[in-house]
Amino acid sequence: MRHRSVRARRLRDGIWQLRRRRRQRLQAALNTTANCGACGAACAAGRVCTGGACVAPTCPAGFGDCDGNAANGCEAALNTASNCGGCGAVCSRANATASCATGTCALGACAAGFANCDGVEANGCEAALTAPTSCGTCSLVCASGLSCVSGACVALTAPRLLAPLSTATVTSRRPTVRWALAAGTDGARVQFCRDRACATVVASFDATGTSGAPTADLPTGVVFWRALARTGASTGSTASATWQMVVGPRSAPLNGSHDTTLDVNGDGYADVAVGAYGYTSDTGRVYVYPGSVSGIATTPGTTLTGPDGSGTAFGQTVTSAGDLNGDGYADLVVGAPNAIGIGRAYVYLGGPGGLGASPATTLTGPDGSSGRFGFSASSAGDLNDDGYGDLIVGAPAASTTGRVYIYLGSPSGVGLSPAVVLLAPDGYSSYFGASIAGALDVNGDGYADLAVGASCAPFTFSPNSCGTGRVYVYSGSATGLRTVPFTLTGRDGVLGEFGGAVVNAGDVNGDGYTDLAVGASCAPSSSGSTCGRGTVYVYNGGTFGVGVAPPTTLVGPDSAFNSRFGASIARAFDINGDGYADLAVGAYGVNSNTGRVWTYLGGPGGIGIGPSVFLSGTDGTGAQFGHAIANAGDVDGDGYPELVVGARFVSSGTGRAYTFRGTASGLDSTPTRTLVGPDGGNGYFGYAVARLDVPPSRARFASVAATRGSGRRTDLVCYANQVGRAYALGHAAPPYASQ
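As the structure is a prediction and not an experimental result, all values here were calculated from the model.

A. Local environment of the pattern of salt bridges. Counted under the stated rule, the structure contains 15 salt bridges. Of the charged contacts, one joins Asp385 and Arg178 as a salt bridge, the two residues approaching to 2.7 Å between their closest N and O atoms. Taken together, the residues span a long stretch of sequence, with Asp385 in the loop between β30 (376-381) and β31 (390-395) and Arg178 in strand β15 (residues 177-180) at a distance of 207 residues. Given the relative accessible area of 26%, Arg178 is considered partly exposed. A salt bridge links Asp367 to Arg403, with the shortest nitrogen-to-oxygen separation between them at 2.7 Å. In this pair, Asp367 is assigned in the loop between β29 (361-364) and β30 and Arg403 in strand β32 (residues 403-407), connecting sequence segments 36 residues apart. Among the charged side chains, a salt-bridge network with shared partners connects Asp636, Asp638, Glu642 and Arg661.

Okay, structure coming up:
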């Protein structure tokens, strides 16, 4: 039995071994290139069968089959830039060359201006040597507010502010501001502040490029602003000059700016300048009264005396010139139309301490004697869009026709020679330039416009007579001022003196376009023999500028002839702070030259034809209260502007100036300050007050026929009321002045 079981076990083992050998033979048969893993599963050419799978043959070290084509074997060397250590392993390093050695990507030379400051080869030469964190070398880190220029840490040069001009009024509570960038900078950080030092920043934004606007409404009133340079994420520490703007309570559909406020010391409180041309035999003086939280000062902070002696009538014109040198402070221009027999205009630059005692620039009439250069003057706004305010000066008797001269601002102020000379479109004796209004933008294109009055145009010789009067509107453009004007013609007959007063009316209907007010203080004239009560025409700006017909006509409320309503008009005046410009109109001839001032409120429909308040002179007949009026701006910081009214003949020509406060309900009828001429009789203190573009009442002429010589030559004699000079305008000879 035992032998039988042993034989059986051996038989079973033999069968198992036989089967095992059979399986091995079968597996060996399926591991060939012809039968790889299965019968008939042939491997492609160049492939081998390993473990029943067709695979590429093992490549030697440093090579690989990167194209997957077994036919060409291991075609790729693995030490190249495109296959470094493996197929498709590209060897490159940022801002540097790279090389592949023994299958490892190695950092080569850094590109110019870059370095491997972190020591990590994988991210290449990651550091720009122009960055503040690696300036020139990896170890030089620029301090905050400095930028890297040519491998050195330097302060970023601040942008130069361009618009809106300092002291302008903006039409939006989110005004668009513009600046020019310095080399090496790409943007700016703009700060809006409550004070000139920007100790209290109320809003700011960062912008790439040269313009931007705040994302939220600015507070109303005077807002200061400045800009710091930016390069990438770095912001400079040096600020631009600080400018200021007046922000109203509402935003107009058109985002723009207009006009200027006299703030010569830049403290945010408007200042008042009063002319007294009669001081010391017409040497003339101008007194500047600073504003403060307590209101206008009762004594002048600065007294300017005519530099050219007696007879010059220094102070007949006094107006804010805007910011002529871009330092952020308002400048003052004073006219002396009789100076050296030609006429001069004196420019005084504002600054932290106010005005200097001597003019920074003295402009002399370019067209010879008796041109009355300096008879009128105004800020022009920025006519050439360079960020500096420009200046307009009128000479209504120049070359017997009248001329207007434009002087461009610069870092040093205005130059001595005019850049543009405007000639009278209607020729002889039109008195072109007797009134001028600048800092306008009547068509909302962002370029400053100006208007010139010619109260005698078109003059006729048969008979010798002034015409109806005209106003010429000159539009600004990208290439400068267009010298062909749009013409407005008087609507009430000859000798109505249309254009005797022309003012920037601000925005009376809140649409963002500057409007224009024109006075015709003798309209309607009765065939030139009797001066009417006076009329003021309001022309609204729009896409195409002002229209031919005024939408609003204000007729003097006093029915008496010779009231002189419209001889003076306060410009860009928002009495009640509602965001719509209002008008104040003087009528100095009322009640035998006692004088009155009427106020009219603006609104969505423009100026209302009914006056809201009238102020009556309290100094008796002959005082000429309202002979000069001006929007003084906000002298006490309460958010409402003040009105200044001159009465030059009070107390034997000593003169007075009264300030009236604006309120939410309109103008307060009681003066808050009464300023008395500091130099006694015949100084005519109050004849002109700052922000007045034209000496009022001087545009009133009487014409008489006079014969000279053989009696065949007829000349025109024009005289200015109650001033004491006559001007004879001959056909051939230039006008001359006589006492």
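B. Structural context of the sheet that holds strand β42 (residues 535-539). Pairing is antiparallel across the open sheet formed by four strands, whose spatial order is β40-β41-β42-β43. Every interior strand has two partners, whereas the edge strands, β40 (498-506) and β43 (552-555), have only one. Each strand axis lies, on average, 20 degrees off the axis of its neighbour in the sheet, ignoring direction. Both strand β41 (residues 515-520) and β42 contribute to a ladder of five bridges, which runs antiparallel. When the bridges of β42 are listed, Gly519 appears paired with Val536.

C. Spatial organisation of the side chain of Asp634. Tracing the backbone through its elements, the reader meets Asp634 in the loop between β48 (625-633) and β49 (642-647). Of the buried charged residues, Asp634 lacks a salt bridge, with Arg661 as the closest side chain of opposite charge at 7.3 Å. In contact with Asp634, other than residues within four places in its own chain, are Gly268, Tyr269, Ala270, Gly639, Tyr640, Pro641 and Glu642.

D. Structural detail: the nonpolar core. By size, the foremost hydrophobic cluster in this structure holds 23 residues, and its most contacted members are Ala273, Val286, Phe314, Leu332 and Tyr348. In this structure, Ala517, Val536, Ile569 and Ile607 belong to the second largest nonpolar core, which totals 18 residues.

E. Structural view of the environment of Val177. Tracing the backbone shows Val177 in strand β15. Linking Val177 and Pro164, residues 13 residues apart in sequence, is a C-alpha distance of 6.2 Å. Apart from the residues lying within four places of it in its own chain, the contact partners of Val177 are Ala163, Pro164, Val190, Phe192, Phe205, Thr210, Ser211, Gly212, Trp225 and Met245.

F. Unusual backbone geometry, seen in detail. For the bond from Ala457 to Pro458, the omega torsion is -15 degrees, close enough to zero to count as cis. A cis geometry characterises the amide bond from Ala523 onward to Pro524, with omega recorded as -10 degrees. Locating Pro524 in the fold gives a position in the loop between β41 and β42. A positive phi angle is found at Asp282, which is not glycine, with a value near 65 degrees. Positionally, Asp282 belongs in helix α2 (residues 279-282). Accessibility expressed as a relative area gives 15% for Asp282, which makes it buried. For Asn591, which is not glycine, the phi dihedral falls at a positive 55 degrees. On the secondary structure map, Asn591 appears in helix α3 (residues 590-593). Residue class for Asn591 comes out partly exposed when judged on its relative accessible area of 48%.

G. A look at the environment of Thr654. Among the secondary structure elements, Thr654 is positioned in the loop between α4 (650-653) and β50 (656-663). Taking the relative accessible area as the measure of exposure, Thr654 reaches 12% and is therefore buried. For the pair formed by Thr654 and Asn540, sequence separation is 114 residues and the distance between their alpha carbons is 39 Å. When near neighbours in sequence (up to four residues on either side) are disregarded, Thr654 contacts Arg648, Val676, Gly677, Gly680, Gly681, Asn682, Tyr684 and Phe685. A polar side-chain atom of Thr654 sits 3.3 Å from the main-chain amide nitrogen of Gly681.

H. Structural detail: the layout of surface pockets. What the largest pocket holds in volume is close to 640 Å³. Lining the largest pocket are 36 residues, and of these Thr169, Val246, Val247, Gly248 and Asp574 sit closest to its centre. At the level of secondary structure, the elements contributing two or more residues to the lining of the largest pocket comprise β14 (168-170), β19 (221-231), β21 (243-247), β44 (565-573) and β48. Considering only residue class, the lining of the largest pocket consists of 14 nonpolar, 15 polar and seven charged.

I. Focus on the state of the cysteines. Applying the stated criterion across every chain yields a total of 13 disulfides. With a sulfur-sulfur separation of 1.8 Å, Cys110 is cross-linked through a disulfide to Cys125. Because the torsion about its S-S bond is -80 degrees, the bridge between Cys110 and Cys125 counts as left-handed. Taken together, the residues span a long stretch of sequence, with Cys110 in strand β6 (residues 104-110) and Cys125 in the loop between β7 (114-115) and β8 (127-128) at a distance of 15 residues. A relative accessible area of 32% places Cys110 in the partly exposed class. We classify Cys125 as buried; its relative accessible area is 0%. Covalently, Cys193 is tied to Cys198 through a disulfide, its sulfur atoms 1.9 Å apart. Between Cys193 and Cys198, the S-S dihedral sits near 90 degrees, and the bridge is therefore right-handed. What makes Cys193 buried here is its relative accessible area of 0%. Judged by relative accessible area, Cys198 falls into the buried class, the value being 7%. Cysteine Cys39 shares no disulfide, and the gap to the nearest cysteine sulfur, in Cys36, comes to 12 Å.

J. Spotlight on the packing of aromatic side chains. For the structure on display, the rule yields 19 aromatic pairs. Measuring from ring centre to ring centre gives 6.4 Å for Tyr289 and Phe685, while their planes differ by 75 degrees; the resulting arrangement is edge-to-face. Within this pair, whereas Tyr289 is found in strand β24 (residues 285-289), its partner Phe685 is found in the loop between β52 (673-676) and β53 (688-689), the two being separated by 396 residues in sequence. Take Tyr289 and Phe685: they sit in the same class, and that class is buried. Judged by centre distance (5.5 Å) and plane angle (65 degrees), the rings of Phe373 and Tyr405 are edge-to-face. Here Phe373, found in the loop between β29 and β30, pairs with Tyr405, found in strand β32; they are 32 residues apart in sequence, far enough to count as distant. Aromatic rings pair up to connect Tyr277, Phe649, Tyr684 and Tyr687 into one cluster. Arg196 extends its terminal NZ or CZ atom over the ring of Tyr329, reaching a point 4.3 Å from the ring centre.

Parameters at a glance
Residue positions are given per chain, counted from 1 along the sequence in the order it is written. Predicted model: local features are reported for residues with pLDDT of at least 70 only, side-chain atom pairs are reported and counted for 80 or more only, and whole-chain, interface and lining totals are derived from all residues. As a rule here, side-chain values cover all heavy atoms of the structure and leave hydrogens and water aside. Any Lys or Arg side-chain nitrogen located within 4 Å of an Asp or Glu carboxyl oxygen qualifies as a salt bridge. Only runs of H or I of at least four residues qualify as helices and only runs of E of at least two qualify as strands under DSSP, and these elements are numbered from the N terminus. Classification of residues uses two cut-offs on accessible area relative to the type maximum, computed with a 1.4 Å probe and protein chains only: under 20% is buried, over 50% is exposed, and between them is partly exposed. A pair of strands is labelled paired if DSSP reports no fewer than 2 bridges between them. Lines fitted to C-alpha atoms define the axes, with helix axes restricted to the stretch in contact, and inter-axis angles between N-to-C directions lie between 0 and 180 degrees. This count recognises Lys and Arg as positive and Asp and Glu as negative, with His and chain-terminal groups excluded. It only takes one pair of heavy atoms within 4.5 Å for two residues to be counted as in contact. Take the buried residues of types Ala, Val, Leu, Ile, Met, Phe, Trp, Tyr and Cys, join any two whose side-chain atoms come within 4.5 Å, and each joined set is a nonpolar core. Here a polar contact means two N or O atoms within 3.5 Å. Within protein one must be a hydrogen donor candidate and the other an acceptor candidate, and residues neighboring in sequence count only if both atoms are side-chain atoms. A 1.4 Å probe that fits into a set of points on a 1 Å grid over the protein atoms alone but cannot get out defines a cavity; an open set with protein on both sides within 12 Å along at least five of seven lines defines a pocket, and lining residues are those with an atom within 4 Å of a point. Grid points are joined across faces, edges and corners, and a volume is the space filled by probe spheres set on the points. Each residue gets one label: Ala, Val, Leu, Ile, Met, Phe, Trp, Tyr, Cys and Pro are nonpolar, Asp, Glu, Lys and Arg are charged, and the others, such as Gly, are polar. Throughout, a disulfide means two cysteine sulfur atoms within 2.5 Å of one another. Think of it this way: a Phe, Tyr or Trp ring, Trp meaning its six-membered ring, pairs with another when their centres are within 6.5 Å, and the plane angle makes it stacked under 30 degrees, edge-to-face over 60, tilted otherwise. We count a charge as sitting over a ring when the NZ of a lysine or the CZ of an arginine lies within 6 Å of the ring centre and within 35 degrees of the ring normal.

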